Amino acid sequence: MLKSARKQEKDPEGRMPLAEHLRELRNRLVKSLLAIVVTTVVAAFFYKDIIQFFTDPILDAVGCKYSFAELARGTEETQCARIVQNGLLSPFTLALTVSLSSGVALAAPVWLYQLWAFVAPGLHRHEKKYSLAFVAAGFPLFLTGAYFAYWSLPKMASVMLEFSIIGSDNQLPLDDLLQLVMRMIIVFGLSFELPLLLVMLNFGGVLSGKRMAGWWRGMILGITLFAAVATPSTDPISMLALAGPIWVLYFAASAIALANDRRRARRDALGPADDEASELDLTPEDIGEIEPVTTSRAALPEQASGERTDRVNGYDDVT
């Protein structure tokens, strides 16, 4: 049984030797890996359902419902695609990849908690509060972006097939298709984290709310261009469906940053918090005239003459 090194630590401030830190890190990593292994094994029994969850919307939009002979007659209504797997080992390697990726995603609450438990004792009280708030806000934002990617993929596939030659048979390798789906989900999810990143920079004192709000023209243009590239659909509705929420999140982040700047100004006027060190003025000051120190009796052979001396060998006293 792995025991946490911090449970044996008696220091109220959580300090420990380097060896204890390394032991604690090892225990956290082992627990995280065990959680990933367990969830990977569970996901291996449902990997086909996981694949269908990501590919069924695309197949519903562009999947072939005709034979190749019917497609060869060449009508615009028969433009479609088939999902294929290349190679004898492709199904096996794909099953391993999907199971491992799903295991890492499903075990995220465990390894994220282990990471937090390792870092949290070194944080101040307000830093812990802000960290939990950012994690609590970041996860729903990422899921929202992932949903928009999942929603826009079928429409994107329909647009891409419009460039196909009439009568051709479109084949979509399953491993390439899943990589595209995962890449789109990650890109959309991270794009929804942009407002949270701006808020973190503001809380860290790197970016002011006034400057953030002054970027609104460039941010709207940049977000719109990103949405146009990320959703290569002919209709503007899909583009606005992605750009609109990011616009709202950006202005919400600017409002939060402005409110935090005002709160920080009031807090600075009241002084530091209980768990924060006060700012020290280290400017050198004149100490004034030095008062000489004398001894009542000779302490060294050099003082045996009885003459009064204030310094012996460069020192003010016997020491």
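Note that the structure is predicted; figures quoted are calculated from it, not measured.

Chemist: Would you mind going over the overall build of the chain in detail, with residue names and values included?
Modeler: Summing up its helical and strand segments, the chain has 11 helices and two strands in all. Across the chain, helices and strands are ordered from the amino to the carboxyl terminus as α-α-α-β-α-α-α-β-α-α-α-α-α. Put simply, the chain has 319 residues, and 29% of those count as buried. Restricting to contacts in the chain with at least 6 residues of sequence separation, those with at least 24 account for 72%.

Chemist: Break down the pattern of salt bridges for me, citing the residues and quoting the values.
Modeler: Counted by the stated rule, this structure contains two salt bridges. The salt bridge partner of E20 is R23, with a shortest N-O separation of 2.9 Å. Here E20 and its partner R23 are both found in helix α1 (residues 18-44), three residues apart, which amounts to about one turn of the helix. Under the relative-accessibility criterion, E20 is labelled partly exposed at 22%.

Chemist: Go over the packing of aromatic side chains, please, and point to the residues and values.
Modeler: Under the counting rule described, the total for this entry stands at six aromatic pairs. The interplanar angle of 80 degrees and the centroid separation of 5.2 Å between the aromatic rings of F53 and F54 together place this pair among those described as edge-to-face. We classify F53 as partly exposed; its relative accessible area is 48%. We classify F54 as buried; its relative accessible area is 18%. Within the aromatic cluster, the residues linked to one another by ring pairs are F53, F54 and Y150.

Chemist: Could you give an account of the side chain of S254, naming the residues involved and the relevant values?
Modeler: Within the secondary structure layout, S254 lies in helix α11 (residues 236-270). With relative accessibility at 5%, the residue S254 sits in the buried group. S254 has contacts with M212 and A213, leaving out every residue within four places of it along the chain.

Chemist: Residues and numbers for helix α7 (residues 174-191), please.
Modeler: End to end, α7 covers 26 Å across 18 residues, agreeing with the expected 26 Å (1.5 Å per residue, within 8%). Buried residues of α7: L174, L177, L178, V181, M184, I185, F188, G189 and S191, and no others. Looking down the long axis of α7, one finds its buried residues gathered within 165 degrees of arc, a one-sided arrangement.

Chemist: Lay out the packing of helix α2 (residues 47-62) against helix α4 (residues 90-106) with the relevant residues and their values.
Modeler: Between α2 and α4, whose axes approach to 9 Å, the crossing angle comes to 85 degrees. Regarding the angle of α2 to α4, the classification is roughly perpendicular. Contact residues: Y47, I50 and I51 in α2; L94, A95, V98, S99 and S102 in α4. Residue composition of the contact of α2 with α4, grouped by class: six nonpolar, two polar and no charged.

Chemist: Give me a nonpolar patch on the surface: which residues, what numbers.
Modeler: The grouping of V37, V38, V41, V42, F45 and F46 at the surface amounts to a nonpolar patch, some 600 Å² of accessible area in total. Along the polypeptide, V41 turns up in helix α1.

Chemist: Give a detailed account of the packing of α1 against helix α5 (residues 108-119), specifying residues and quantitative values.
Modeler: For the pair α1 and α5, interaxial distance at closest approach is 9 Å and the crossing angle is 170 degrees. The angle between α1 and α5 places the two elements in the roughly antiparallel class. Along its contact with α1, which presents H21, E24, L25, R28, K31, S32, A35 and I36, the element α5 presents V110, W111, Q114, A117 and F118. Tallied by class, the residues present in the contact of α1 with α5 amount to seven nonpolar, three polar and three charged.

Chemist: Describe the environment of G205, with residues and values.
Modeler: Take G205: it is sitting in the loop between α8 (194-203) and α9 (209-214). Exposure remark for G205: the relative accessible area of 53% places this residue in the exposed category. Once the C-alpha coordinates of G205 and D261 are considered, the two residues, 56 residues apart in sequence, prove to be 9.1 Å apart.

How each quantity is defined
- Residues numbered from 1 in each chain as written.
- Predicted model: local features only at pLDDT ≥ 70, side-chain atom pairs only at ≥ 80, totals over all residues.
- Heavy atoms only, no water.
- Helix = DSSP H or I, 4+ residues; strand = E, 2+ residues; numbered from the N terminus.
- Buried < 20%, exposed > 50% of the residue type's maximum accessible area, 1.4 Å probe, protein only.
- Contact = heavy atoms within 4.5 Å.
- Salt bridge = Lys/Arg side-chain N within 4 Å of Asp/Glu carboxyl O.
- Phe/Tyr/Trp six-rings, centres within 6.5 Å; stacked < 30°, edge-to-face > 60°.
- Expected span 1.5 Å × (residues − 1).
- Arc of directions from axis to C-beta.
- Axes fitted to C-alpha atoms, helices over the stretch in contact; angles between N-to-C directions.
- Parallel < 35°, antiparallel > 145°, perpendicular 65-115°, else oblique.
- Nonpolar A, V, L, I, M, F, W, Y, C, P; charged D, E, K, R; others polar.
- Patch = residues over 30% accessible without salt bridge, like charges linked within 9 Å, V, L, I, M, F, W, Y side chains within 5 Å.
- Areas by Shrake-Rupley, 256 points an atom, 1.4 Å probe, with all protein chains shown as cover.

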